[in-house]
Amino acid sequence: MAGHYVVRNVPRPDPEVVAGLRDAGVATVHEAAGRTGLVAPAVRPRQDGAVIAGSAVTVSSHPGDNLMIHAAVEMCREGDVLVVTTTSPSTDGMFGDLLAASLLSRGVAGIVTDAGVRDIASLRAMGFPVWARAVSAQGTVKASPGSVNVPVVCGGQVVRPGDVVVADDDGVMCVPAASAADVLARARTRIAAEEDKRAALRSGVLGVDMYGLRELLSRLGVSYVDDLPEEDA
Ligand SMILES: O=C([O-])CC(=O)C(=O)O
Ligand SMILES: [Mg+2]
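Cut-offs applied
- Residues numbered from 1 in each chain as written.
- Chains lettered and ligands numbered in written order.
- Predicted model: local features only at pLDDT ≥ 70, side-chain atom pairs only at ≥ 80, totals over all residues.
- Heavy atoms only, no water.
- Near = heavy atom within 4 Å.
- Polar contact = N/O pair within 3.5 Å; in protein donor to acceptor, adjacent residues only side chain to side chain.
- Areas by Shrake-Rupley, 256 points an atom, 1.4 Å probe, with all protein chains shown as cover.
- Nonpolar A, V, L, I, M, F, W, Y, C, P; charged D, E, K, R; others polar.
- Helix = DSSP H or I, 4+ residues; strand = E, 2+ residues; numbered from the N terminus.
- Buried < 20%, exposed > 50% of the residue type's maximum accessible area, 1.4 Å probe, protein only.
- Contact = heavy atoms within 4.5 Å.
- Disulfide = S-S within 2.5 Å.
- Salt bridge = Lys/Arg side-chain N within 4 Å of Asp/Glu carboxyl O.
- Pairing = 2+ DSSP bridges.

Around ligand 1, the structure places Asn66, Gly96, Asp97, Leu98, Leu99, Arg118, Asp119 and Lys142. In the model, an oxygen atom of ligand 1 is placed 3.2 Å from a nitrogen or oxygen of the Asp97 main chain. Considering ligand 1 on its own, with 260 Å² of exposed area, one finds that the protein chains cover 89% of that surface. Looking at the shell around ligand 1, its residues break down into two nonpolar, two polar and four charged.

What follows is the structure in structure tokens.
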């Protein structure tokens, strides 16, 4: 990108679609999106049990510099998720409890970052959810230009401002704004099918029978034997 920008206007997704995707959860949304959009698992939850979804506000920062995160706070609205990336890999702790306090005052749901966070005990105590590549006490400066609300790559996934970011204990998904409603419809179909499967499995039906896997195992040359044959022992 040639210039540095703070973009004010972001088309936000339908809040009902966002809430539906949050309720579906990351694993189901990932399947419903055709196994696309999953942020690399190195960008992992730094607390237990947090489940969020929201419209992405994106930050492209110089590594070791959190100036643009400060600029981004003002662009955030209730329910947004801040997605922070650096222009080259960095694990520096560029986000902590002070910035979280600022984001909480604007109703931000949480942060996803390809870089590092610090003050993690305070962040947990505040109930501000974080998905981050690293936890590092390494401090950062406020000195270099970057951009807010431009397309970024986080954990190998392109995230555009206004995309739906879903994050829970399983990781982080980015659903492009244009496909969010379709993905939610597919997620709901999947959830209904899984309910039937769960009930059958709980009642003792075996996966090998329910999914018709006996034939597949046989075709793949997997033999059932009472004892391991001598020649393979
Ligand atoms: O201030 C910083 O540089 C990052 C941090 O620790 C905080 O937000 O509390
Ligand atoms: Mg701090």
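We are not done yet, so read on.
Once that is clear, we can look at the side chain of Thr113. Locating Thr113 in the fold gives a position in strand β5 (residues 110-117). On the basis of relative accessibility, which here comes to 1%, the residue Thr113 falls in the buried class. Apart from the residues within four sequence positions on either side, Thr113 is in contact with Val43, Val84, Trp131, Ala132, Arg133 and Cys154.

In this structure the tally under the stated criterion is zero disulfides. No disulfide involves Cys76; its sulfur sits 15 Å from that of Cys154, the nearest cysteine. Here Cys174 stays unpaired: no disulfide links it, and the sulfur of Cys154, its closest cysteine neighbor, is 8.9 Å away. A relative accessible area of 5% means that Cys174 is categorised as buried.

Let's shift gears to the pattern of salt bridges. Throughout the structure, instances matching the rule amount to seven salt bridges. Between Asp80 and Arg12 there is a salt bridge, with the nearest N and O atoms lying 2.5 Å from each other. Highlighted residues: Asp80 in the loop between α3 (67-73) and β3 (81-86) and Arg12 in the segment before α1 (15-24), separated in sequence by 68 residues. Asp23 is the salt-bridge partner of Arg22, the closest N and O atoms lying 3.8 Å from each other. Sharing partners across several salt bridges, the network here consists of Arg190, Glu194 and Arg198.

Right, let's talk about the pairing of β3 for a bit. Burial analysis of β3 places six of its six residues in the buried class, the great majority of the element. The alternating pattern of β3 places Val81, Val83 and Thr85 and Leu82, Val84 and Thr86 on opposite faces, both of which are buried. Of the strand pairs in this sheet, β3 and β5 are connected by four bridges, and their pairing is parallel. Residue pairing across strands places Val83 opposite Val112, the latter belonging to β5.

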